[in-house]
Amino acid sequence: MDVSINQVLRLGQQKLKRNGNDNCVTEANILFGYSANKTLENIFTHPEDRVSRRTRGKFMQLVERRVGGEPISYICERSCFYSNEYIIKKGVFIPRPETEVLVGVVISEVKKNRSGKLICLDMCTGSGCVGLTIAKEVAVNIKKVFLVDNSLKALQCCRDNQKAMGLEKKTRLLRSNLFQSIPRIKFDYICANPPYIDRGEGESLDVSIRQYEPKGALFSGLGGLSHIKKISSDSTNFLKKNGKIFLEVGYAQAEETKSLLEVLGYKNVESFRDLNKIDRVVVGTWKK
Ligand SMILES: C[S@@+](CC[C@H](N)C(=O)[O-])C[C@H]1O[C@@H](n2cnc3c(N)ncnc32)[C@H](O)[C@@H]1O
């Protein structure tokens, strides 16, 4: 029997809702759009259009995967970040809204420097959403953004995004365990959204994170600060005089990170809050 888009959507919404999904209307729309290869605009303007049996089957399969806890970004291989669409593959960290604070702080700093010669490094780049957004939004001020990760899956995904955004000339991908294989050049800005969850907290994470997202992108030793400490201290060898470090930190990690930067010799150390009023980004200036 032929059914309309509206009827199929309702089936999907009901299934998602029965399984506790509070965002069932939006998610059903996204999943249907992906199954039918239609834009949301298409769906809204022609809700009476007929849906083939094949598309209906595909849609309900995706709904099942979502009900099983798989993040919608992995199902649709897409995620929206800073108003840009990013390709996201399984095994690669899904960009989070709070990371837009990090990007916003870096961009406003980059805008102050119009030399067009800035060299930046995005450590722990994952999909590339931080470094690629910076390279795109303030392209005229920047010479190059280095995008660094130790995960091959992340770098492949980052390369796909780099190509899709046409940023091959502005950005360079490097595989490195933190700073181990970074060429000995000095950067104006180093930013990072590193793993920062205490390795003892795995069990308390939502199942969609615990079961689906890569552990190497989440955990950072006991206390969660191992990466932050290493990046902060190694950056002292890679920053120009008056260069800046920008670190995204976890809930309740800002004070310790600020003290750490001060002990290492960074000046003008400050933090910025996210929309939930949590200190989320710590910034320091290297004066030596
Ligand atoms: C929290 S994710 C952030 C990804 C991306 N920057 C974002 O904001 O969506 C952390 C990333 O750090 C990478 N990573 C973890 N340990 C690393 C290491 N020792 N060296 C380089 N990258 C590392 C992971 O592969 C992961 O892509």
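To be clear, the structure that these remarks concern was listed above.
Criteria and cut-off values
- Residues numbered from 1 in each chain as written.
- Predicted model: local features only at pLDDT ≥ 70, side-chain atom pairs only at ≥ 80, totals over all residues.
- Heavy atoms only, no water.
- Axes fitted to C-alpha atoms, helices over the stretch in contact; angles between N-to-C directions.
- Helix = DSSP H or I, 4+ residues; strand = E, 2+ residues; numbered from the N terminus.
- Parallel < 35°, antiparallel > 145°, perpendicular 65-115°, else oblique.
- Left-handed = near helix turned anticlockwise from the far one by under 90°.
- Contact = heavy atoms within 4.5 Å.
- Core = buried A, V, L, I, M, F, W, Y, C linked by side-chain atoms within 4.5 Å.
- Buried < 20%, exposed > 50% of the residue type's maximum accessible area, 1.4 Å probe, protein only.
- Near = heavy atom within 4 Å.
- Areas by Shrake-Rupley, 256 points an atom, 1.4 Å probe, with all protein chains shown as cover.
- Nonpolar A, V, L, I, M, F, W, Y, C, P; charged D, E, K, R; others polar.
- Salt bridge = Lys/Arg side-chain N within 4 Å of Asp/Glu carboxyl O.

### Focus: the packing of helix 2 (residues 24-36) against helix 4 (residues 53-67)
Now for step 1: Between helix 2 and helix 4, the shortest axis-to-axis distance is 9 Å and the interhelical angle comes to 135°. Considered as vectors, helix 2 and helix 4 are oriented oblique to each other. The two elements helix 2 and helix 4 cross, and the hand of that crossing is right-handed. In this structure, helix 2 contributes Glu-27, Ala-28, Leu-31, Phe-32, Tyr-34, Ser-35 and Ala-36 to the contact, and helix 4 contributes Thr-55, Lys-58, Phe-59, Leu-62, Val-63 and Arg-66.

### A look at the nonpolar core
Now for step 1: Among the nonpolar cores identified, the biggest contains 32 residues, and Ile-134, Ile-142 and Phe-246 are the most heavily contacted of them.
Now for step 2: When contributions to this core are tallied by element, the ones reaching two or more residues are helix 6 (99-111), strand 5 (118-123), helix 7 (129-137), strand 6 (142-149), helix 8 (152-164), strand 8 (187-192) and strand 11 (279-286).
Now for step 3: For this core, the element with the most residues is helix 6, which contributes 7 residues.
Now for step 4: Among the nonpolar cores identified, the runner-up in size contains 28 residues, and Leu-178, Ile-182, Ile-228 and Tyr-266 belong to it.

### Focus: the side chain of Ser-79
Now for step 1: On the secondary structure map, Ser-79 appears in strand 3 (residues 78-81).
Now for step 2: The class for Ser-79 is buried, based on a relative accessible area of 9%.
Now for step 3: In contact with Ser-79, other than residues within four places in its own chain, are Ser-73, Asn-84, Glu-85, Tyr-86, Ile-88, Ile-94 and Pro-95.

### Thoughts on the site of the ligand
Now for step 1: Around the ligand lies a shell of 20 residues, among which Cys-124, Asp-149, Asn-177, Leu-178 and Asn-193 are the nearest.
Now for step 2: Contact with the protein chains removes 94% of the 590 Å² of surface that the ligand exposes when unbound.
Now for step 3: Put simply, the parts of the chain that give the shell around the ligand at least two residues each are helix 7 and helix 10 (215-218).
Now for step 4: The residue inventory of the shell around the ligand, partitioned by class, reads 9 nonpolar, 10 polar and 1 charged.

### Concerning the pattern of salt bridges
Should the charged atoms of two oppositely charged side chains come close, the side chains can pair.
Now for step 1: Tallied over the entire structure, the rule returns 13 salt bridges.
Now for step 2: Notably, a salt bridge pairs Lys-258 with Glu-255, separated by 3.5 Å at the nearest N-O pair. Placement of both Lys-258 and Glu-255 in helix 12 (residues 254-264) is noted, with a separation of 3 residues, approximately one turn of the helix.
Now for step 3: Take Lys-258: its relative accessible area is 17%, and that puts it in the buried class.
Now for step 4: Glu-255 sits in the exposed class, given a relative accessible area of 52%.

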